[in-house]
Amino acid sequence: MSWIDADALWRVMVASLVGGVGIAALFSVGLIGVSSGRTVGRVAGGVCFALVIAGVLLGVYVMLDK
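To start, this report covers the structure provided alongside it. Given the structure is predicted, the values throughout are model-derived calculations rather than measurements.

## Observations regarding the overall build of the protein
- Helix and strand counts for the protein stand at two helices and zero strands.
- Its C-alpha atoms give the protein a radius of gyration of 16 Å, clearly above 11 Å, the size a compact globule of 66 residues would have.
- In terms of overall dimensions, the protein has C-alpha extents of about 60 × 20 × 10 Å along its principal axes.
- Split into buried and exposed, the 66 residues of the protein put 9% on the buried side.
- Carbon and sulfur atoms make up 76% of the accessible area of the protein, which totals about 5500 Å².

## Re the packing of aromatic side chains
- Under the definition given, this model contains one aromatic pair.
- Judged by centre distance (5.3 Å) and plane angle (55°), the ring pair of F27 and F49 falls under tilted. With a gap of 22 residues between them, F27 in helix 1 (residues 6-35) and F49 in helix 2 (residues 39-65) connect regions that are remote in the sequence.
- Using a relative accessible area of 39% as the deciding quantity, one classes F27 as partly exposed.
- In this structure F49 comes out as partly exposed when scored by relative accessible area, which is 24%.

## Some remarks on the packing of helix 1 against helix 2
- Two numbers describe how helix 1 lies on helix 2: the axes approach to 7 Å, and their chain directions differ by 155°. One element, helix 1, and the other, helix 2, form an angle in the roughly antiparallel class. The element helix 1 and its partner helix 2 pack so that their crossing is left-handed. On helix 2, the residues touching I23, L26, F27, V29, G30, L31, G33 and V34 of helix 1 are G41, R42, G45, G46, C48, F49, L51, V52 and G55.
- Here the contact of helix 1 with helix 2 is composed, by residue class, of ten nonpolar, six polar and one charged.

## Some remarks on the pattern of salt bridges
- Inspection of the entire model under this criterion finds one salt bridge.
- The salt bridge partner of R11 is D7, with a shortest N-O separation of 3.1 Å. A residue pair is termed a helical-turn pair when its members lie 3 or 4 positions apart in one helix, as R11 and D7 do in helix 1 at four residues.
- The exposure class assigned to D7 is partly exposed, which follows from its relative accessible area of 44%.

Cut-off values and rules
- Residues numbered from 1 in each chain as written.
- Predicted model: local features only at pLDDT ≥ 70, side-chain atom pairs only at ≥ 80, totals over all residues.
- Heavy atoms only, no water.
- Helix = DSSP H or I, 4+ residues; strand = E, 2+ residues; numbered from the N terminus.
- Rg over C-alpha atoms; globule rule 2.2 N^0.38 Å.
- Buried < 20%, exposed > 50% of the residue type's maximum accessible area, 1.4 Å probe, protein only.
- Areas by Shrake-Rupley, 256 points an atom, 1.4 Å probe, with all protein chains shown as cover.
- Phe/Tyr/Trp six-rings, centres within 6.5 Å; stacked < 30°, edge-to-face > 60°.
- Axes fitted to C-alpha atoms, helices over the stretch in contact; angles between N-to-C directions.
- Parallel < 35°, antiparallel > 145°, perpendicular 65-115°, else oblique.
- Left-handed = near helix turned anticlockwise from the far one by under 90°.
- Contact = heavy atoms within 4.5 Å.
- Nonpolar A, V, L, I, M, F, W, Y, C, P; charged D, E, K, R; others polar.
- Salt bridge = Lys/Arg side-chain N within 4 Å of Asp/Glu carboxyl O.

Here it is in structure tokens:
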């Protein structure tokens, strides 16, 4: 008799870790890109920020959809 579904818990932990660390790392890369003086870096930083915003909006949508 198991009270905790270990498989579901593992999936939630992995998704949280990947999402949390991934969004933070992407934001950091975006800051580095924007702070560089090169045009390519600024464009890459803008793309990183757009992905961060998309990830945050996806998270809010998933939470509100439940």
